Amino acid sequence: MPADVGAQLLGAKLSIANGASSYDVDEVITKADEFLAMYTYNHWEMMDKEEREMILDWVDILNDYNNGLIGPGQC
């Protein structure tokens, strides 16, 4: 599993903790938190293509949020 999901998730949570609106990423944060509570990077190789693509989509969405492309703008 790419380490980016954890890094992007942390970045988004820090922005939210500093007062940024989470409206555009609430669902992704919930799904990523639930996923990371159950799986580690060791599971990446066992995942099918759809699961990997879903996670990579989360990374892209969180990256866009953290860089101000969606959501309240870059902090």
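Thresholds applied
Residues numbered from 1 in each chain as written. Predicted model: local features only at pLDDT ≥ 70, side-chain atom pairs only at ≥ 80, totals over all residues. Heavy atoms only, no water. Core = buried A, V, L, I, M, F, W, Y, C linked by side-chain atoms within 4.5 Å. Buried < 20%, exposed > 50% of the residue type's maximum accessible area, 1.4 Å probe, protein only. Helix = DSSP H or I, 4+ residues; strand = E, 2+ residues; numbered from the N terminus. Contact = heavy atoms within 4.5 Å.

Overview of the nonpolar core
Note on soluble globular proteins: their nonpolar side chains tend to be buried together. Core analysis: the biggest nonpolar cluster contains 16 residues, and Ile29, Ile55, Trp58 and Leu62 have the highest contact counts within it. Secondary structure elements with two or more residues in this core: helix H1 (4-17), helix H2 (26-38) and helix H3 (49-66). It is H3 that contributes the most residues to this core, 5 residues altogether. With residues near it in sequence (within four places) discarded, Ile55 still touches Val5, Phe35, Trp44 and Met47.

A closer look at the environment of Lys13
Take Lys13: it is sitting in helix H1. Spatially, the C-alpha atom of Lys13 lies 16 Å from that of Leu69, the residues being 56 residues apart in sequence. In this structure Lys13 touches Ile29 and Asp33, once residues within four positions along its chain are discounted.

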